[in-house]
Amino acid sequence: MHTTASLYTGDQTIRLLINGEYVASRSTERLPIVNPATQQVLAHTPCSTDDEVQAAVAAAKAAFATWRHTPIAARMRIMLRLQALIRESLPRVARVLTEEQGKTLADAEGDIIRGLEVVEHACSVGTLQLGEFAENVAGGVDTYTLRQPIGVCVGITPFNFPAMIPLWMFPMAIVCGNTFVLKPSEQDPMSTMELVRLALEAGVPPGVLNVVHGGKSVVDALCSHPDVAAVSFVGSTAVGTHVYDLAGRHGKRVQSMMGAKNHAVILPDANREHTLNALAGAAFGAAGQRCMATSVAVFVGESKDWLPDLVQRAKGLKVNAGVEPGTDVGPVISVQAKGRIEQLIDSGVSEGAQLLLDGRSPLVPGYEHGNFVGPTVFGGVKAHMRIYTQEIFGPVLVCMEVGTLDEAIALVNANPFGNGVALFTQSGAAARRFQSEIDAGQVGINVPIPVPVPFFSFTGSRGSKLGDLGPYGKQVVQFYTQTKTVTARWFDDATVSGGVNTTISLK
C-alpha cells in the first residue's frame, strides 16, 4: 500500500515516480503549486534533472520487456481494480484538485468521472485489441493480424484537467501492453499523483508507469529520447506545435491536441430556455478554462433578441472559491492567466465591441487575493477583433450576429481552429446540413460541449489537432499498437511439393 504522505518530501516537494518508487528529485529548481483562490502555496513541483528523465525512460524500457507479454486478462483486472479505487477515492481526490486548480468541487468530480469513463473502457481491451483472421486466402494459406504494443509511451498533460487528461492517456497505453512516462502540468500535479498512487495500488507493476515533473527542458528530453515510441500531448497551440515537430523529427508517433475557438450557432427555432442555460454553463463553467468551452455565440436572425436574457443568466452566476457551496465560477489558474484575460477584455473594449457584462475584478469576500474573473459578455464582435482571433481561456463569451445558417457555417469554417462546435435548433434538416458542412472535429446538436463518450474517439481537427489519431476510443488503440500481419501455410508430412515457384503468387 502506497500512502498519500509518500508522495511528498519533508519540505512538501512532490516526488517523482521511477520504477515503482517515489523518488525525491535532486533538482534545486522548484515551482510553487498555488491555490488560485487564496495564493497559499500548497506544495512545490521539482524540475526533474536530465538523469531523472533518463532513469524514468530506462525503467519503462526495462519493464516493457515483460509487461508486453502480460496476459490481456491480467491487464484488464488491473483496470477493473483501478476504476473501483478511483470511485472510492473520488471525494478526496476532488478536494485536492479543487485546492490546486480552482474549479468547483462538483466540476472537479466531473473532471475525475470523465477520466474514469476511459478507465472503464480500458477494461474492455480484450475486444478492443482483437486482430483479424481470414482462412484459406490461397491454397492452404491463412492470413491474420496481431495488434501488438509499441513500447515506451509519453504523456504531457495540461493544468485545466489534471485528472481527466492523464486518465485519457496512461490507462489505455498500459492496458494495450505499453509502458508509460507521464509529465503532469507543473501547476497542479497533486491530484494527478493521487491517481498515479491508485494505479500502483491497483497492481500496475514497477516501471510500467513512471512520472517526472518540470517544464520545457523535461518535455524536450522526453520528445527526443531514442527509446520513446510515442508522445501524446494536450495543451496550448504553441507548445503542442513544438512537441509535434520535435517528436516527429525524432521518429515518434504523436497526437497533439491544442487550442480552440468553439462556436455555438443559435437558430431562432431553438428551445430558448434550454439554449440559454446551455450557453451560460458552457461559456462560464470551469471559469472558461476548457478546450471545449463555448467561447463564441453566433446568433442567427431573430435569435439575436435573446442576448439580454443570456446576459441576465450570466449575471446570476456566483463567483467564489471552488470549495464554497453554490459556487458556479471559481478562480482562473494563476495571476498571469487573470492578467492576460483582463488584457484581452481591455482590447475588446478598445476595438469597439460592446461590453454587455464586465467580469473584471469581482468582489469575493474572504478571497480578496484570488485570481477571479467573473462572467463577461461582449456583443457586436467582429472577426478581426483580438477577443475573436485569440483563445481567451477564461469566462468570456463573445457574441456575433449573422443573417442565415449559411453565413454562420462560413464564419465557423473560416476560423483556423476546429475543436468543437454546437448548433441549437429544432430543425432536423438544418442539423443534418450543419453536421455535414461544418469543419470541426466534435459537433453538438443541442449539446454545448460535445466531448464524445469513450466508445468514440476525441476528434479535433485543423488548428486544434496535429496527428491523425485521437485520444481514447478505437483510434487510441490504433495509436498505442502496431499491426503485424502473418501469412501462414502448414504442410502435412504426406504433402507433395509443387516445385520451385519463382513468381509472387500463392498457389
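We now turn to the structure provided with this report.

Here is what the cut-offs are and how they apply
- Starting afresh in each chain, residues are numbered from 1 along the sequence in its written order.
- Confidence filtering applies because this is a predicted model: local features only for residues at pLDDT of at least 70, side-chain atom pairs given and counted only at 80 or more, and all residues used for totals across whole chains, interfaces and linings.
- Excluded from the side-chain calculations are hydrogens and water; all other atoms, namely the structure's heavy atoms, are used.
- In this description, strands pair whenever DSSP reports at least two bridges between them.
- Note on conventions: DSSP H or I runs of at least 4 residues are helices, E runs of at least 2 residues are strands, and numbering of each starts at the N terminus.
- Only C-alpha atoms enter the line fits that serve as axes; for helices the fit covers just the stretch in contact. Angles between N-to-C directions range over 0 to 180 degrees.
- Any Lys or Arg side-chain nitrogen located within 4 Å of an Asp or Glu carboxyl oxygen qualifies as a salt bridge.
- Here's how the labels work: a residue is buried when its accessible area is under 20% of the maximum for its type, exposed when over 50%, partly exposed in between, all with a 1.4 Å probe on protein chains only.
- The disulfide criterion is simple: two cysteine sulfur atoms within 2.5 Å.
- Patches here are clusters of residues that have more than 30% relative accessible area and form no salt bridge, with a 9 Å joining cutoff for like charges and a 5 Å cutoff for nonpolar side chains (Val, Leu, Ile, Met, Phe, Trp, Tyr).
- Here the Shrake-Rupley method, with its probe set to 1.4 Å, supplies the accessible areas, and only the displayed protein chains count as covering residues.
- To estimate how far a helix should extend, the number of its residues minus one is multiplied by 1.5 Å.
- In what follows, a contact means two residues having at least one pair of non-hydrogen atoms within 4.5 Å.
- Whenever two N or O atoms come within 3.5 Å, that pair is a polar contact, provided that in protein one can donate a hydrogen and the other can accept it, and provided that, for residues adjacent in sequence, both atoms are side-chain atoms.
- In this text, buried Ala, Val, Leu, Ile, Met, Phe, Trp, Tyr and Cys residues form a nonpolar core when linked through side-chain atoms within 4.5 Å.

### Looking at the sheet that holds strand E18 (residues 420-424)
- Spatially, seven strands are ordered E14-E15-E16-E13-E12-E18-E19 in an open sheet, and the strand pairing comes out mixed. The sheet is open, and its two edges are formed by strand E14 (354-357) and strand E19 (442-445), each paired on a single side. Strand-to-strand, the axes of this sheet are offset by a mean angle of 20°, without reference to chain direction.
- Relative to strand E16 (residues 396-402), strand E13 (residues 294-300) is paired through five bridges, and the arrangement is parallel.

### A short note on the pattern of salt bridges
- Overall, the coordinates contain 16 salt bridges when judged by the stated rule.
- The shortest N-O distance in the salt bridge between Asp220 and Lys216 comes to 2.6 Å. Of this pair, Asp220 and Lys216 both sit in helix H7 (residues 216-223), four residues apart, which is roughly one turn of the helix.
- Close ionic contact of Arg360 with Asp358 constitutes a salt bridge, the shortest N to O distance being 2.8 Å.
- Classification of Asp358 by relative accessible area gives partly exposed; the value is 40%.
- In the salt-bridge network here, residues are joined through shared partners; they are Arg92, Glu194, Arg197 and Glu201.

### Details of the state of the cysteines
- A complete count under the given rule lists zero disulfides for this structure.
- Here Cys223 is not cross-linked by a disulfide; its sulfur's nearest cysteine counterpart is in Cys153, at 13 Å.
- Judged by relative accessible area, which is 0%, Cys223 ranks as buried.

### What to know about a nonpolar patch on the surface
- Where nonpolar side chains cluster on the molecular surface, the patch consists of Val453, Phe455 and Phe456 and spans about 340 Å² of accessible area.
- Looking at where Phe455 falls in the secondary structure, it is placed in the loop between E19 and strand E20 (461-462).
- The class of Phe455 is exposed, set by a relative accessible area of 59%.

### What about helix H9 (residues 272-284)?
- Its 13 residues place the ends of H9 18 Å apart at the C-alpha level, agreeing with the 18 Å of an ideal helix rising 1.5 Å per residue.
- Buried within H9 are the following residues: Thr275, Leu276, Ala278, Leu279, Ala280, Ala282, Ala283 and Phe284.
- Looking at the buried side of H9, the elements it contacts are strand E12 (262-266), E13, helix H10 (307-315), strand E15 (376-379), E16 and E18.
- Its side-chain oxygen 3.4 Å from the backbone nitrogen of Glu273, Asn271 forms the N-cap of H9.
- At the C-terminal side of H9, Ala286 shows a positive phi close to 55°.

### Observations concerning the environment of Val218
- Looking at the element boundaries, Val218 is found in helix H7.
- With 47 residues separating them along the chain, Val218 and Val265 place their C-alpha atoms 41 Å apart.
- The contact partners of Val218, leaving out residues within four places of it in the chain, are Ser48, Val53, Lys183, Val212 and His213.

### Remarks on the nonpolar core
- If you look at the biggest cluster of nonpolar residues, it comprises 71 residues, and the most contacted ones within it are Met79, Leu82, Ile86, Phe170, Phe180 and Tyr480.
- Those residues within four positions of Phe170 in sequence are excluded, and the remaining contacts are Leu82, Phe180, Leu182, Ala199 and Leu209.
- Of all hydrophobic cores here, the second largest spans 66 residues; its members include Ala353, Phe372, Phe378 and Met400.

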